[in-house]
Each structure stands twice: as C-alpha cells, then as structure tokens.
Amino acid sequence: MSPSTPTCTVAVAASIVLGSRVFVPARLYEQDKIVAIAERLGKTPGQVILRYPIQRGLITIPKSTNAGRIAQNIDLFDFELTDEDMATLASFENARGRACAFSNMKDHPLYPF
Ligand SMILES: NC(=O)c1ccc[n+]([C@@H]2O[C@H](COP(=O)([O-])OP(=O)(O)OC[C@H]3O[C@@H](n4cnc5c(N)ncnc54)[C@H](OP(=O)(O)O)[C@@H]3O)[C@@H](O)[C@H]2O)c1
C-alpha cells in the first residue's frame, strides 16, 4: 500500500444479539451450554451472550424494557470468555441462531460468516 492510499476504519455493530422476540426461534439464553457457562462465571446467560460480540470487537446493541436486565446488559466488562466458551457461542451461529444471514452476500470477499 502506498503512503497516499486512503484507508478507513469500519465500526461493525451487532443488533438482535439476544435473539429478539420474533426473529430467532431458538431462545439463546435458555440453551444448556450457555446456561452452564453463565453458572461457571457467576453471570446471567444474557450477559454471556452479550459478552461474545464484545469480545469479538463488535459494537453491541441489546434492548430491554426491564430495569434489572438493562443493568445486567451494561455490566459486561468484569469477566472474560475463554477460547472454549467463544467456540461454544460461535456454534450457535447457524440458521437457527442468526437473524440476518446475508446469504445474498456469501460470495463477497469480506463476507464475515
Ligand atoms: N440497525 C439495525 O439494522 C437494527 C436491526 C434490528 C434491531 N436494531 C435495534 O437493536 C436493538 C435490539 O434489537 P431487538 O430488541 O430486536 O433484539 P434483542 O436485543 O436481541 O432482544 C430483545 C429481547 O431480549 C430480552 N432481553 C433483554 N435483555 C435480556 C437478558 N439480559 N436476558 C434475557 N432476555 C433479555 C428483551 O426482553 P425484556 O424487554 O423483557 O428484557 C427482549 O424481548 C433495538 O434497539 C433495535 O431497534 C437495529
């Protein structure tokens, strides 16, 4: 790359991380493997799910109408998922766990999934 080549940084945001109510049939926060990680870490399953994209460097946008869950959903920075935990969370990235698969972009060189 020459010194004059323009560059830009793209910030990627993740929405519907908790599966929303309507988009994702699998209730991620009820999955046994995610519940087990949460119990080991002393966190809630929702916090484990939200920590996954944060640890991948993604801006993460959860929504809750419940004061207790809103508090949980910003309390994500005093624990870390292991590589094994991250792999477990990644295993839910499939047709049941992903709201927008962007399958029409599968051939793009920057397709992320
Ligand atoms: N930019 C975009 O293209 C785009 C696309 C879609 C959505 N969004 C935005 O992204 C945000 C999130 O979307 P979303 O609301 O559809 O999906 P979401 O955040 O994945 O799911 C929200 C649902 O999860 C529940 N919830 C929240 N915290 C929880 C926790 N800790 N444990 C268990 N359940 C929990 C909420 O229930 P309670 O309210 O009862 O807690 C609600 O039913 C919204 O602000 C939406 O507008 C943006």
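Read on for an overview of the structure. Note that this is a predicted model, so its numbers are computed, not measured.

Cut-offs applied
- Residues numbered from 1 in each chain as written.
- Predicted model: local features only at pLDDT ≥ 70, side-chain atom pairs only at ≥ 80, totals over all residues.
- Helix = DSSP H or I, 4+ residues; strand = E, 2+ residues; numbered from the N terminus.
- Buried ≥ 20, exposed ≤ 12 C-beta atoms within 10 Å, placed from the backbone.
- Contact = placed C-beta atoms within 7 Å.
- Near = placed C-beta within 6 Å.
- Axes fitted to C-alpha atoms, helices over the stretch in contact; angles between N-to-C directions.
- Parallel < 35°, antiparallel > 145°, perpendicular 65-115°, else oblique.
- Left-handed = near helix turned anticlockwise from the far one by under 90°.
- Nonpolar A, V, L, I, M, F, W, Y, C, P; charged D, E, K, R; others polar.
- Core = buried A, V, L, I, M, F, W, Y, C linked by C-beta atoms within 7 Å.

**Thoughts on the overall build of the chain**
Consideration 1: When you go through the chain residue by residue, the secondary structure sums to four helices and two strands.
Consideration 2: Listed by position from the N terminus, the elements making up the chain come as β-α-α-β-α-α.
Consideration 3: Looking at the 113 residues of the chain, the share that counts as buried comes to 17%.
Consideration 4: Long-range contacts, defined here as pairs at least 24 residues apart, represent 60% of the contacts in the chain between residues at least 6 apart.

**Examining the site of the ligand**
Consideration 1: Near the ligand lie 19 residues; those nearest to it are Leu18, Ser20, Gly46, Lys63 and Ser64.
Consideration 2: By residue number, the principal contributor to the shell around the ligand is helix H3 (residues 67-74), which donates three residues.

**Describing the packing of helix H2 (residues 45-55) against H3**
Consideration 1: The N-to-C vectors of H2 and H3 enclose an angle of 40°; their axes lie 9 Å apart at closest approach. One element, H2, and the other, H3, form an angle in the oblique class. Both H2 and H3 take part in a crossing whose hand is right-handed. Packed against H2, whose contacting residues are Gly46, Gln47 and Leu50, the element H3 presents Arg69, Gln72 and Asn73 at the interface.
Consideration 2: Of the residues in the contact of H2 with H3, the class split is one nonpolar, four polar and one charged.

**Quick notes on unusual backbone geometry**
Consideration 1: For isoleucine 16, which is not a glycine, the phi torsion comes out positive at approximately 55°.
Consideration 2: Within the secondary structure, isoleucine 16 is located in the loop between strand E1 (13-15) and helix H1 (32-41).

**Points about the nonpolar core**
Consideration 1: Val17, Leu18, Leu28, Ile34, Ile37, Val48, Ile49, Leu50, Tyr52 and Leu89 together form the largest nonpolar core, which totals 10 residues.
Consideration 2: Elements with a contribution of two residues or more to this core: H1 and H2.
Consideration 3: At four residues, H2 tops the list of elements feeding residues into this core.
Consideration 4: Setting aside chain neighbours within four positions, we find valine 17 in contact with Ile49, Leu50, Pro53, Thr60 and Pro62.

**Notes on the environment of tyrosine 52**
Consideration 1: For tyrosine 52, the position within the fold is in helix H2.
Consideration 2: For tyrosine 52 and glutamate 80, which are 28 residues apart along the polypeptide, the C-alpha to C-alpha distance reads 9.1 Å.
Consideration 3: For tyrosine 52, the residues in contact, after removing those within four places along its chain, are Leu81, Met86 and Leu89.

**Regarding H2**
Consideration 1: In terms of residue burial, H2 counts as a mostly covered element, since eight of its 11 residues are buried.
Consideration 2: Buried residues of H2: Pro45, Gly46, Gln47, Val48, Ile49, Leu50, Arg51 and Tyr52, and no others.
Consideration 3: Buried residues belonging to H2 abut H1, strand E2 (59-61), H3 and helix H4 (83-90).
Consideration 4: Just downstream of H2 lies glycine 57, where phi reads positive at about 85°.

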